Amino acid sequence: MRVIFSMLYAPAIYFAFIYFDINMNILLTFKLFPLFMSFLVTGLILKSYYSNNSMVLQFANKLRKFNINIGDDEYIKKSTLFWVGVSSVNVLVHIYMYFQSNTELWVFYASIGWYSVFIAGGVLQLFHRHFIYSK
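Residues numbered from 1 in each chain as written. Predicted model: local features only at pLDDT ≥ 70, side-chain atom pairs only at ≥ 80, totals over all residues. Heavy atoms only, no water.

**A few points about the overall build of the protein**
The criterion, for reference: Each helix is a run of H or I in the DSSP string that is no shorter than four residues. Each strand is a run of E no shorter than two, and both are numbered from the N terminus. Classification of residues uses two cut-offs on accessible area relative to the type maximum, computed with a 1.4 Å probe and protein chains only: under 20% is buried, over 50% is exposed, and between them is partly exposed. Residue contacts follow a heavy-atom distance rule, with two residues in contact if any of their heavy atoms lie within 4.5 Å. Here, Shrake-Rupley sampling with a 1.4 Å probe gives the accessible areas, and only protein chains in the shown set may cover a residue.
A count of helices and strands for the protein gives six helices and zero strands. Ordered by position from N to C terminus, the α and β elements of the protein give α-α-α-α-α-α. Looking at the protein as a whole, 34% of its 135 residues qualify as buried. The contacts in the protein between residues at least 6 apart in sequence include a share of 70% that link residues at least 24 apart. Taken as a whole, the protein presents about 9400 Å² of accessible surface, with 71% of it coming from carbon and sulfur.

Quick look at the structure:
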C-alpha cells in the first residue's frame, strides 16, 4: 500500500493543481513531502548503522525466505553505510528536483524515478559482493 501511495502522490497532486487551476507556487510545499520522507529514511538508516541494529539487515531478513548466515550478516551490517550513501544521493536528487521549474520531471522522479537510484545501488552492491568481497 505504501508503494502505491508513493507512486500516486506526485501525479495526483500535480493533476489536482492543473485541474483546479491553483497557483503553482503552492506546489513547492507539496514538493517537500517526498524530500522530507527521503531525508527521514536516510536518517533512519544512519541511526541503525550507529545503533548496531541494521535496518538493511532487517529488510534483507524480511525479503528472504531463509535465514541469513553469519558471514552474510556481517557483510550486510558493514554495507549499511553504503546504503546511507545511496539514500543520500536520493535526497540530493530530490533537492535538485525541488528547485527545478520542470514540474513534470519532479512528478516522474517523485513517483517512480527514485526507484532507479536504489536499484542501481542494489546492482552496485551485488557486483561488489560478487567480484570484490567474495575474493
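From this point, the narrative continues.
**Quick word on the nonpolar core**
Note the threshold: Residues enter a nonpolar core if they are buried and are Ala, Val, Leu, Ile, Met, Phe, Trp, Tyr or Cys, with the set joined through side-chain atoms within 4.5 Å.
Ala-10, Ile-76, Trp-83, Trp-106, Val-107 and Tyr-109 are the most contacted members of the largest nonpolar core, which has 17 residues in total. When residues of this core are traced back to their parent elements, those giving at least two are α1 (2-19), α3 (55-63), α5 (80-99) and α6 (103-133). No other element matches α6, which puts six residues into this core.

**Concerning the side chain of Thr-80**
For Thr-80, the position within the fold is in helix α5. The exposure class assigned to Thr-80 is buried, which follows from its relative accessible area of 0%. The contacts of Thr-80, once residues within four sequence positions are left out, are Ile-45, Ser-48, Tyr-49, Ser-54 and Val-56.

**Some points on the confidence of the model for the protein**
Low-pLDDT portions of the prediction should not be read for the details of their coordinates. Definition in use: The quantity called pLDDT is the predictor's confidence in a given residue, expressed from 0 to 100.
With 84% of its residues at a pLDDT of 70 or more, the protein has an overall mean of 81. Mean pLDDT across the elements of the protein bottoms out in α1 (72) and peaks in α5 (92).

**Quick word on the packing of aromatic side chains**
The test is simple: Centres within 6.5 Å are what make two rings of Phe, Tyr or Trp a pair, Trp counting through its six-membered ring; a difference in plane orientation under 30 degrees is then read as stacked, over 60 as edge-to-face, and the rest as tilted.
Inspection of every chain in the model, using the stated rule, returns six aromatic pairs. Geometrically, the ring pair formed by Trp-114 and Tyr-115 is stacked, given 4.2 Å between the ring centres and 25 degrees between the ring planes. Plain terms: the ring middles of Trp-114 and Phe-118 are 5.8 Å apart, the flat faces sit at 85 degrees to each other, and that makes the pair edge-to-face. Of this pair, Trp-114 and Phe-118 both sit in helix α6, separated by four residues, roughly a single helical turn. The structure contains a cluster of three or more aromatic residues connected by ring pairs, namely Phe-82, Trp-83, Trp-114, Tyr-115 and Phe-118.

**Notes on α5**
An α-helical segment advances 3.6 residues per turn. Residues three or four places apart therefore align on the same side. To keep things clear, this is the line we draw: One fewer than the residue count of a helix, multiplied by 1.5 Å, yields its expected span. What the arc covers is the set of directions going from the helix axis to the C-beta atoms.
Taking 1.5 Å of rise per residue, the 20 residues of α5 would be expected to cover 28 Å, and the 29 Å separating its terminal C-alpha atoms lies within 8% of that figure. Along α5, the residues classified as buried are Thr-80, Trp-83, Val-84, Val-86, Ser-87, Asn-90, Val-91, His-94, Met-97 and Tyr-98. In a view along the axis of α5, the buried residues occupy a sector of 165 degrees, so they form one face of it. Exposed and oriented more than 90 degrees from the buried face of α5 are Leu-92 and Phe-99.

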